[in-house]
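# Notes for the structure review
The residues making up each chain are set out below.
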Amino acid sequence: MSDRYLSLVNSPAGRAVASRLGLPRPVVLRRHQPGVGLLPGPALLAGPALLPGPALLAGSGTADVLKAMGVDVRDADDGDTRWAALLYDATAVAAIGELARLRDFLRAPLRRLSPCGRVVVIGRPPDGVDPAVDAARQALEGVVRSLGKELRDGATANLVVVDGDASPESALRFLLSGRSAYVDGQGIRIGPGGAPEDPAKPLQGKVAVVTGAARGIGAAIAGVLARDGARVVVADLPASGERLANVANSIGASALQLDVTKADAPATLLGHLGERHGGVDIVIHNAGITRDKLLANMRPEQWDAVLAVNLESQLRINAALLGSTVLHDGARVVCLASTSGIAGNRGQTNYAASKAGVIGMVRSYAPAFAKRGGTINAIAPGFIDTEMTQAMPLAAREVARRLNSLQQAGLPVDVAETAGWLASPGAGGVNGQVIRVCGQSLIGA
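These figures come from a predicted structure and were not determined experimentally. (Residues numbered from 1 in each chain as written. Predicted model: local features only at pLDDT ≥ 70, side-chain atom pairs only at ≥ 80, totals over all residues. Heavy atoms only, no water.)

## Digging into the overall build of the chain
- Along its length, the chain carries 15 helices and 13 strands.
- Compactness check: the chain gives a C-alpha radius of gyration of 22 Å against a globular reference of 22 Å for 445 residues, within 12% of the reference.
- For the chain, the spread of C-alpha atoms along the principal axes amounts to about 60 × 50 × 45 Å.
- Among the 445 residues that make up the chain, the fraction classed as buried is 54%.
- Side-chain charges in the chain split into 45 positive and 39 negative, and the spacing between the mean points of these groups amounts to 5 Å. (Helix = DSSP H or I, 4+ residues; strand = E, 2+ residues; numbered from the N terminus. Rg over C-alpha atoms; globule rule 2.2 N^0.38 Å. Buried < 20%, exposed > 50% of the residue type's maximum accessible area, 1.4 Å probe, protein only. Lys, Arg positive; Asp, Glu negative; His and termini not counted. Charge placed at Lys NZ, Arg CZ, Asp CG, Glu CD.)

## Comments concerning the packing of helix H4 (residues 99-110) against helix H5 (residues 131-150)
- Where H4 contacts H5, the axes come no closer than 11 Å and their chain directions differ by 20°. Accordingly, the angle class assigned to the pair H4 and H5 is roughly parallel. H4 and H5 meet at a crossing whose hand is right-handed. Here Leu99, Leu102, Leu106 and Leu110 of H4 lie close against H5, whose contacting residues are Ala136, Ala139, Leu140, Val143 and Leu147.
- Its residues placed into classes, the contact of H4 with H5 shows 9 nonpolar, no polar and no charged. (Axes fitted to C-alpha atoms, helices over the stretch in contact; angles between N-to-C directions. Parallel < 35°, antiparallel > 145°, perpendicular 65-115°, else oblique. Left-handed = near helix turned anticlockwise from the far one by under 90°. Contact = heavy atoms within 4.5 Å. Nonpolar A, V, L, I, M, F, W, Y, C, P; charged D, E, K, R; others polar.)

## Brief notes about the sheet that holds strand S6 (residues 187-190)
- A sheet is described by the order of its strands in space; here 6 strands give the open sequence S2-S1-S3-S4-S5-S6, paired in parallel fashion. Bordering the open sheet on either side are strand S2 (73-74) and S6, each of which pairs with just one other strand.
- For strand S5 (residues 156-162) and S6, the ladder comprises 4 bridges, and the chain directions are parallel. Directly across from Val160, in S6, lies its bridge partner Ile188.
- Packed onto the sheet, H4 meets strand S1 (43-45), strand S3 (83-89) and strand S4 (113-123) and runs at close to 175° relative to S3.
- Against the sheet, H5 contacts S4 and S5, and its axis sits at roughly 160° relative to S5. (Pairing = 2+ DSSP bridges.)

## A look at the environment of Leu258
- Topologically, Leu258 is positioned in the loop between strand S9 (254-257) and helix H9 (265-277).
- Owing to a relative accessible area of 6%, Leu258 belongs among the buried residues under this scheme.
- As for Leu258 and Lys293, which are separated by 35 residues in sequence, their C-alpha atoms are 27 Å apart.
- In contact with Leu258, not counting residues within four places along its chain, are Ala235, Asp236, Leu237, Pro238, Ala265, Thr268 and Leu269.

## Some details on a nonpolar patch on the surface
- The grouping of Val399, Leu403, Leu442 and Ile443 at the surface amounts to a nonpolar patch, some 340 Å² of accessible area in total.
- For Leu442, the location among the structural elements is in the segment after strand S13 (434-437).
- According to the relative accessible area criterion, Leu442 is partly exposed, its value standing at 42%. (Patch = residues over 30% accessible without salt bridge, like charges linked within 9 Å, V, L, I, M, F, W, Y side chains within 5 Å. Areas by Shrake-Rupley, 256 points an atom, 1.4 Å probe, with all protein chains shown as cover. Salt bridge = Lys/Arg side-chain N within 4 Å of Asp/Glu carboxyl O.)

All we've got here are geometric facts, nothing functional implied.
Given below as structure tokens:
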């Protein structure tokens, strides 16, 4: 879906006009390309002098890991370098006064952060033992969320919160790369459980199913999973059979016509996965609909249809998966929520209810999936350019595109890349969480 304004202000003539008139000038984001390095330039890594005590990034181990990823890691700012990324270890923060060291570390190099650069802060979760320590740890989230709104030229800021001796390696690979282009101002909590993976084919040998895969975000997710090595089953309504077949043929997947709201949908899905593929490792619940109306004007059937597709179908399929041997141990389940389920949206009480319900479901199911070595997480997209949003009135669409820190809409591939990471072995320490792919929406997220 073309963003003509973005294209215009990035042309030579449009750039000059936007500058003279003081118009916002979003940049074309750096997105993942197979075979291209993790970062286009050097990364500044905070050293032990900046933060006393035990630290994840101060030791040579993590620096070596970053170097193995192909990152040009440096531990001192020469006052001249244009930085592709700034990484700061705040895992030993234990007092409010120590936050000033983070400020001092970032102030000068931030002025030389490259377009589409990355700022990543690593911290610890509050543990309920010492209020002063917990206050300092929680303060990091405020720093990162605010910093994300200050950065320009497609740069992002995110927080990785590390439990115990969990490794932040997979999260760093995701957040530093172009895969996280539209993830901004977010906090991701990492627990133990990640596993090594082939960066080029992290899903090699896995079987994945994607619902609602005939178009838009679902088709993009299926494409990313196939690119990353998974054998993919794409599922959608029988009415979308031709489009579903086209998606399947384009990525070497198999197609399953399925109405997820039918009473026999869980049995049909599990039977297909078990008999044809020997089980499933990755389940992406993407099927969803909207039936927007102000609550006073909403008919019962509009309410019921949205809740049935967006939420009840996921609940029934997840229950069936957990009660079966079709779901392999260590499986990954990713559920599509929405920022509407977090902030609400006028005319979408039914849709917001369904998407907030998905978040509640994910948090509740997390322990059950963990018992089988698996995970369940949600992705909450913001404004994504799809066929659905293209049908909006032009003025409303343009306003919605700009209401985030990156001043542009996301693309289906941005949601797909996040789903691909959550489905990977390296994300085994991420469970029961909601990752917002919204460019740091300025409304509620």
